[in-house]
Amino acid sequence: MIRSLLLLTVALSRAAACAQTSAPPAPLPDAPSVLLAQRQDVVVLAEDALKTSGSGVAPCTLRHAMLSIPSHSHTVAPVRVPCSELVNPYQRFLDTNVVIPLTSKQKGYLAIHNLTDPANLLTIVALSGFTIAIDSDSAYGPGLKGFGKNTGVSLLQDATGEFFGAFLIPSITHQDPRYFRMPRASIPRRIGHAVGHTFIANHDDGSLMPNYANLFGYPISAELSNLYVPGIHADPASTIARIATGLATDPANNLITEFLPDVARHISIRIIFVQRILNQVASQQQQGAGSTF
């Protein structure tokens, strides 16, 4: 990056030197009027594209509208560019305020993408091995059999959470299941945004709404865990405690998503891998807290 900036600076310096030594060309008599007419046409086309971009949803940005204008001729109707082409809808660390709604199909793809992420799978396997290694007398059993059972249960829990939290509930309630960072806001505001996102999320149109994916997702996951997680207590008190633990620890994931990219710029770490490890550790702690009741 620094090398590119240096090369760009040298190129600009040479261009400025050449401009100073060469005589400026004589402007055409009608150049101002031609440029003005072209600029007006571009503005009209940009406004038209801005009004109709996003397939009827709230418009993206003026930059998106300008990208919709064909460069070969200003007389041709603008080409509509979907907003989703400007930002990867499946990337984890989003810091844009552009409204890019996901379809139900895309929310399903997002759930699968989160589940099958190599870092996520590697983390599940590593933590399962670590759990069996430190406690061979756990409900999963010792050795490879216990390791395989622990891995399968953790993967099923993760799949359940993604299915309800990223796909089904957001599709029914028209909620955007993603977390949008606020990198340019103050630290207190970013912390409040991360904590509040546990209960307040974004609608597909960008407006605020209750975070139904969390409010319904944690109870559903807790009830389903009662059916297949070894050694777990299925009584109402234990289930409610695990739901409360999940909601209480949920802001930690948001805080990681909010601030970890800023830290990673300075220490050059694999942010997704680290986030997955911390997520799985929080999940294991949640299960442990629930099993003590």
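Residues numbered from 1 in each chain as written. Predicted model: local features only at pLDDT ≥ 70, side-chain atom pairs only at ≥ 80, totals over all residues. Heavy atoms only, no water.

## Looking at the overall build of the chain
Within the chain one finds 10 helices and three strands. Listing every helix and strand of the chain by position from the N terminus yields α-α-α-α-α-α-β-α-β-β-α-α-α. In the chain, of all internal contacts separated by at least 6 residues, the share reaching a separation of at least 24 is 60%. (Helix = DSSP H or I, 4+ residues; strand = E, 2+ residues; numbered from the N terminus. Contact = heavy atoms within 4.5 Å.)

## With respect to the nonpolar core
Counting five residues, the largest nonpolar core consists of I132, Y140, V153, V229 and I232. Not counting residues up to four positions away in its chain, the partners in contact with V153 are Y140, Y228, V229 and P230. (Core = buried A, V, L, I, M, F, W, Y, C linked by side-chain atoms within 4.5 Å. Buried < 20%, exposed > 50% of the residue type's maximum accessible area, 1.4 Å probe, protein only.)

## With respect to the environment of Y140
Examined against the element boundaries, Y140 turns out to sit in the loop between α5 (118-134) and α6 (143-173). In this structure, the C-alpha to C-alpha distance between Y140 and N150, residues 10 residues apart in sequence, is 6.0 Å.

## Details of the sheet that holds strand β2 (residues 200-203)
One open sheet holds the three strands; their spatial order is β1-β2-β3, and the pairing between them is antiparallel. Unpaired on one side and paired on the other, β1 (175-176) and β3 (208-210) mark the two borders of the sheet. Across three bridges, the pairing between β2 and β3 is antiparallel. Its bridge partner being in β3, N202 is matched across the sheet by L208. (Pairing = 2+ DSSP bridges.)

## Focus: the confidence of the model for the chain
The predicted coordinates ought not to be read in detail in places where the model reports low pLDDT. Taken residue by residue, the chain gives an average pLDDT of 74. The fraction at 70 or more is 60%. Averaged pLDDT values over the elements of the chain bottom out at 41 in helix α1 (residues 2-21) and peak at 96 in β3. Confidence drops under pLDDT 50 across residues 42-82; counting only partners more than four residues distant or on other chains, this segment forms 47 contacts. (pLDDT = per-residue confidence, 0-100.)

## Points about helix α4 (residues 104-116)
For α4, spanning 13 residues, the distance from its first C-alpha to its last is 18 Å, which sits close to the expected 18 Å at 1.5 Å a residue. Of the residues making up α4, those classed as buried are Q106, K107, G108, L110, A111, N114 and L115. (Expected span 1.5 Å × (residues − 1).)

## Thoughts on the packing of α4 against α6
Axis separation between α4 and α6 bottoms out at 9 Å; the angle between their running directions is 160°. Between α4 and α6, the crossing angle belongs to the class labelled roughly antiparallel. Classified by chirality, the crossing of α6 by α4 is right-handed. Mapping the contact onto sequence places S104, K107, G108, A111, N114 and L115 in α4 and L155, D158, A159, E162, A166, F167, P170 and S171 in α6. Of the residues assigned to the contact of α4 with α6, the class counts are seven nonpolar, four polar and three charged. (Axes fitted to C-alpha atoms, helices over the stretch in contact; angles between N-to-C directions. Parallel < 35°, antiparallel > 145°, perpendicular 65-115°, else oblique. Left-handed = near helix turned anticlockwise from the far one by under 90°. Nonpolar A, V, L, I, M, F, W, Y, C, P; charged D, E, K, R; others polar.)

## So, the pattern of salt bridges
Per the counting criterion, the structure on display carries five salt bridges. Here E258 makes a salt bridge to R190, at a shortest N to O gap of 2.7 Å. Remark: R190 occurs in helix α7 (residues 187-196) and E258 occurs in helix α9 (residues 236-267); sequence separation between them is 68 residues. The class of E258 is buried, set by a relative accessible area of 0%. (Salt bridge = Lys/Arg side-chain N within 4 Å of Asp/Glu carboxyl O.)

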